[in-house]
Amino acid sequence: MEERLVMEKLLGLIEPFMDDPGLLKKAGRATHLIDDLQLNSAWLVDLIIKIEDLFDIEITDDDADAIQTIGNAVDVIQLKIRDRNSAAA
Amino acid sequence: MRHRVVVTGMGVVSPNAYGLSDFGDALRKGKSGIRFIPRLAELNFACRIGGIPDNFRSVCETRLSKKQRLNMSDNMAYASVAALDAWHDADLVIPEDEPDWDTGVILGCGISDTETIATIIVPAVTSGNVRRMGGRVVEQVMGSATSARVAGLLGLGNQVTSNSSACSTGTEAIVEASWKIRAGLAKRMVVGGSEAPSPFTWGGFDSMKVLSRKFNDDPEKGSRPMSATAGGFVPGAGAGVLILENLETAVARNARIYAEIIGGFVNCGGQRNGGTMTAPNHEGVCRCIQGAVIDAGIAPDMIDAISGHLTATFADPHEIKNWSMALGRGPADFPYINAAKSMIGHCLGAAGAVESIAAVLQIHQGFLHPSVNCEDLHPEIAEFGTKVVREYMEFPDLKVIAKASFGFGDVNSSVIIQKWNGS
């Protein structure tokens, strides 16, 4: 799945957690989920589950711990999709 | 110095109305909020009726942001909406950065969030899938779910806690908070109770055979406090929240004062002398009522009306006799008495709070609401018949109402509410 599409879907998952969804308009790879978007650790746990469901992937706890920015999340999602596709092939 | 405690704001989510204005109208009209509940029928409950706030989802959308509504259980949502409404009704401002260190919360429920436990936690844990529960389950099921959420919504920095004393919870919260303000430990308290509607909460009561089971075809007749044909309580849900404030602060900010809380008492019958986990020790009940009257510094004959606990079980006639004995007032000079549960059912942990709001409204507006469904008064209390308010009654001289709640565990709480006359 191309990065632009992954990013778009990811931002769609984040939006309900935002007090000010307008902040997402300026979001890019470097945007920090906690510092910039003000998600807390409990919301992050829920976000990971929503990512797993939407992209049909499994994110390990170690992978989840490494997700701090939107770019981190996009990279993990793309990697897991590739892993899943190659396993299926 | 003993600070005086006044009520300056209220918010209510009740089975028969949402919001103070509609709730007042519903009380006047004797409007029932009891309906047939299909889910209870599907689950083979003996009692298939209940009081559930109507159309609450759309109310929520107007009161809470999309993010605030995420992962919010019914219990938290009822409490949050009632608290926000009460805060705004008191004409208070939600602090932005600095918490309001002088205001606290005492807001509890009777039976926690069983719906989340049953539908999310139990399936996830028993299937070995804990990691899929997500990050928000604890905040929904913790005993302090509602007080914690309300403190965050309103930015409150004094004591924030949830009491739980079964069906006495809401009234107990009012008494506890009054004492805190009286002692000068807080200027203002957000107090009350809430309870969610769930078959997982109500099932235990159904199994105990304490719920009304003979009026499934005529729900509005199902909740029958003081009636000869009362056959158990109708489960209800909702929330009531009051803003209690010390008099000086309220006057200084020119707040509207609904009424004064002049006395309160909380105790337990110790499950002795007839008291058990589920039945009251009558001496405990009498001591609780008397304790509140003494605390208020009034003579028992100054009480104009009683807002009873009166659930529509076998205990109603005992309750009337306990009031009579505690106040030393027989049938001839007994105060008027009514039961809000006849319209809204028994809202468990929310009951004392919602019913206290009803009591404050009656004092503030000078009326007594009808106690419906007791045309056939229980024969054991026939001699009190003229004092049971069965029709809407204008009562401009209404000055003092006594409110009590009693709960499993043999626990009791009572408050004395007085009309505010400007000084």
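Being a predicted model, the structure only gives us computed values, none of them experimental. (Residues numbered from 1 in each chain as written. Chains lettered and ligands numbered in written order. Predicted model: local features only at pLDDT ≥ 70, side-chain atom pairs only at ≥ 80, totals over all residues.)

A. Representation of helix H5 (residues 74–89) of chain B in the model. Over its 16 residues, H5(B) runs 22 Å from end to end, which matches the ideal 22 Å to within 8%, given 1.5 Å per residue. Just beyond H5(B), the residue with positive phi is B:Asp91, at close to 60 degrees. (Helix = DSSP H or I, 4+ residues; strand = E, 2+ residues; numbered from the N terminus. Expected span 1.5 Å × (residues − 1).)

B. Quick peek at the packing of helix H1 (residues 3–14) of chain A against helix H4 (residues 70–88) of chain A. All names here are of chain A. Running from amino to carboxyl end, H1 crosses H4 at an angle of 115 degrees, the nearest separation of the two axes being 10 Å. Note that H1 runs across H4; the crossing there is right-handed. Between H1 and H4, the residues in contact are Glu3, Val6, Met7 and Leu10 and Ile70, Ala73, Val74, Ile77 and Gln78, respectively. Partitioned by chemical class, the residues of the contact of H1 with H4 number seven nonpolar, one polar and one charged. (Axes fitted to C-alpha atoms, helices over the stretch in contact; angles between N-to-C directions. Left-handed = near helix turned anticlockwise from the far one by under 90°. Contact = placed C-beta atoms within 7 Å. Nonpolar A, V, L, I, M, F, W, Y, C, P; charged D, E, K, R; others polar.)

C. Just the pairing of strand E15 (residues 411–419) of chain B, in detail. Residues and elements named next belong to chain B. Extensive coverage of E15 is indicated by the burial of nine of its nine residues. Going residue by residue along E15, you find Val411, Ser413, Val415, Ile417 and Lys419 tucked away on one face and Asn412, Ser414, Ile416 and Gln418 tucked away on the opposite face as well. As paired strands, strand E9 (residues 259–268) and E15 are joined by nine bridges and run antiparallel to one another. Paired with Phe265 across the bridge in E15 is Ser414. Relative to E15, strand E14 (residues 400–407) is paired through eight bridges, and the arrangement is antiparallel. When the bridges of E15 are listed, Ile401 appears paired with Ile417. The turn linking E14 back onto E15 is made up of three residues, and Gly409 within it adopts a positive phi angle of 100 degrees. (Buried ≥ 20, exposed ≤ 12 C-beta atoms within 10 Å, placed from the backbone. Pairing = 2+ DSSP bridges.)

D. Main features of the environment of B:Met277. All names here are of chain B. Along the polypeptide, Met277 turns up in the loop between E9 and helix H12 (282–296). Note: C-alpha distance between Met277 and Phe408 (131 residues apart in sequence) is 5.4 Å. Leaving out residues up to four positions away in the same chain, Met277 has contacts with Gln271, Phe408 and Gly409.

E. Spatial organisation of the environment of A:His32. Residues and elements named next belong to chain A. Within the fold, His32 resides in the loop between H1 and helix H2 (41–55). Taking the number of C-beta atoms within 10 Å as the measure of exposure, His32 has 15 and is therefore partly exposed. Note: C-alpha distance between His32 and Val45 (13 residues apart in sequence) is 15 Å. Excluding anything up to four places from it in sequence, His32 contacts Gln68 and Thr69.

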